[in-house]
Amino acid sequence: MSLGERVYVGEVLRGLLITIRHLLRNIFAMKDMPTVQYPEEKPRYSDRFRGRHRLMKRDDGSPRCVACMMCSTACPADCIHITAAEHPDPTIEKYPERFDIDLLRCVYCGLCEEACPCDAIRMDTGIYEIVADAREKFFVDKDFLLNDETRGTL
Ligand code: SF4
Ligand code: SF4
């Protein structure tokens, strides 16, 4: 370490100059600041962003899910709970009588949609604001996952 570095004066002045430069830029060039004025201004996320889940439907409106449990098996947070039942159509083995997700336990890893062999569960809603006034409302069921239009408020 040189003598100049050991007395720190130069380094302290350099730090001060950097701080002053940032301060002046923040005062006189606010439009260039990366801060988003949330919630009035919403951030734009990539199309690959994982938002809240949804369940896909067949043409007749029934769930595309065949209750194979791949998603719940892959889920590291153990937050998907499925009850399987026999499907009346013999060409479809099963359907989910119940399909619940505990959104408070979910870590949004996307493993459920990766594991699904039927493209029955997707995380492409783009919804990242999920609010409710009671914990139990974060436990969403099949009907909600198929038809929800609340865009975030449970
Ligand atoms: S995103 Fe991850 S944690 Fe959430 S339900 Fe899917 S697999 Fe489970
Ligand atoms: S959502 Fe996909 S992986 Fe999960 S049970 Fe249904 S078909 Fe299987």
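1. A closer look at the pairing of strand E3 (residues 94-102)
- Across 7 bridges, the pairing between strand E2 (residues 80-86) and E3 is antiparallel. Bridging across to E3, Ala85 finds its partner in Tyr95.
- For E3 and strand E5 (residues 139-140), the ladder comprises 2 bridges, and the chain directions are antiparallel. Paired with Asp102 across the two strands is Phe139, which belongs to E5.

2. A closer look at the sheet that holds E3
- Reading across from one edge, E2-E3-E5 is the order of the 3 strands in this open sheet, with antiparallel pairing throughout. Of all strands in the sheet, those with a lone pairing partner are E2 and E5, marking the two edges.

3. Brief notes about the packing of aromatic side chains
- In total, this model carries 3 aromatic pairs according to the counting rule given.
- Note on Tyr45 and Tyr128: the rings are 4.9 Å apart at their centroids and 70° apart in plane angle, and the pair reads as edge-to-face. Of this pair, Tyr45 sits in the loop between helix H2 (9-28) and strand E1 (54-55) while Tyr128 sits in the loop between strand E4 (121-122) and E5, and the two are 83 residues apart along the sequence.
- With centroids separated by 6.2 Å and ring planes inclined at 85°, the aromatic side chains of Phe49 and Tyr128 adopt a geometry described as edge-to-face. With Phe49 in the loop between H2 and E1 and Tyr128 in the loop between E4 and E5, the pair connects residues that are 79 residues apart, well separated along the chain.
- Here Phe49 falls in the partly exposed class, since its relative accessible area comes to 27%.

4. With respect to the nonpolar core
- Ile80, Phe99, Ile101, Ile121 and Val140 are the most contacted members of the largest nonpolar core, which has 24 residues in total.
- Contributing elements (two or more residues each) for this core: E2, E3 and helix H5 (142-147).
- The greatest single-element share of this core, amounting to 3 residues, is contributed by H5.
- Val140 has contacts with Phe99, Asp100, Ile101, Leu103, Leu145 and Leu154, leaving out every residue within four places of it along the chain.

5. Comments concerning the layout of surface pockets
- For the largest pocket, the calculated volume is near 170 Å³.
- In terms of lining, the largest pocket is formed by 16 residues, of which the most central are Arg54, Thr125, Leu145, Leu146 and Asp148.
- Elements with a contribution of two residues or more to the lining of the largest pocket: E1 and H5.
- Element by element, the count of residues in the lining of the largest pocket is highest for H5, at 4 residues.
- Looking at side-chain class alone, the lining of the largest pocket contains 6 nonpolar, 4 polar and 6 charged residues.

6. Some thoughts on the pattern of salt bridges
- Evaluation of the coordinates by the stated rule reveals 10 salt bridges.
- Here Asp124 ties to Arg54 by a salt bridge, and the two come within 2.7 Å at their closest N and O atoms. Of this pair, Asp124 sits in the loop between E4 and E5 while Arg54 sits in strand E1, placing them 70 residues apart in sequence.
- A salt bridge links Asp119 to Arg64, with the shortest nitrogen-to-oxygen separation between them at 3.2 Å. Of this pair, Asp119 sits in the loop between helix H4 (111-115) and E4 while Arg64 sits in the loop between E1 and helix H3 (70-74), placing them 55 residues apart in sequence.

The rules behind each value
Counting restarts for each chain, with residues numbered from 1 along the sequence as it is written. Chain A is the first chain written and ligand 1 is the first ligand written, with later ones labelled in order. In keeping with the predicted nature of the model, local features appear solely for residues at pLDDT of at least 70, side-chain atom pairs appear and are counted solely at 80 or more, and the whole-chain, interface and lining totals rest on all residues. Side-chain metrics in this entry use all non-hydrogen atoms of the structure; hydrogen atoms and water are not considered. Between any two strands, pairing holds if DSSP finds at least two bridges. Numbering goes from the N terminus for both helices and strands, where a helix is a DSSP run of H or I of at least four residues and a strand is a run of E of at least two. Classification of ring pairs rests on two measures: the distance between centres of Phe, Tyr or Trp rings, Trp counted by its six-membered ring, which must be within 6.5 Å, and the angle between planes, read as stacked under 30 degrees, edge-to-face over 60 and tilted in between. A 1.4 Å probe rolled over the protein chains alone gives each residue an accessible area, and that area as a share of the maximum for its type sets the label: buried under 20%, exposed over 50%, partly exposed in between. Nine residue types can take part in a nonpolar core, namely buried Ala, Val, Leu, Ile, Met, Phe, Trp, Tyr and Cys, and a core is a set of them joined through side-chain atoms within 4.5 Å. Contact between two residues is taken to exist if any of their heavy atoms lie within 4.5 Å; hydrogens are not considered. Using protein atoms alone on a 1 Å grid, points that fit a 1.4 Å probe yet trap it form a cavity, whereas open point sets bounded by protein on both sides within 12 Å along at least five of seven lines form a pocket; residues with an atom within 4 Å of a point count as lining. Grid points are joined across faces, edges and corners, and a volume is the space filled by probe spheres set on the points. By the convention adopted, Pro, Cys, Tyr, Trp, Phe, Met, Ile, Leu, Val and Ala count as nonpolar, Lys, Arg, Asp and Glu as charged, and the other residues, Gly among them, as polar. Criterion for a salt bridge: a side-chain nitrogen of Lys or Arg within 4 Å of a carboxyl oxygen of Asp or Glu.

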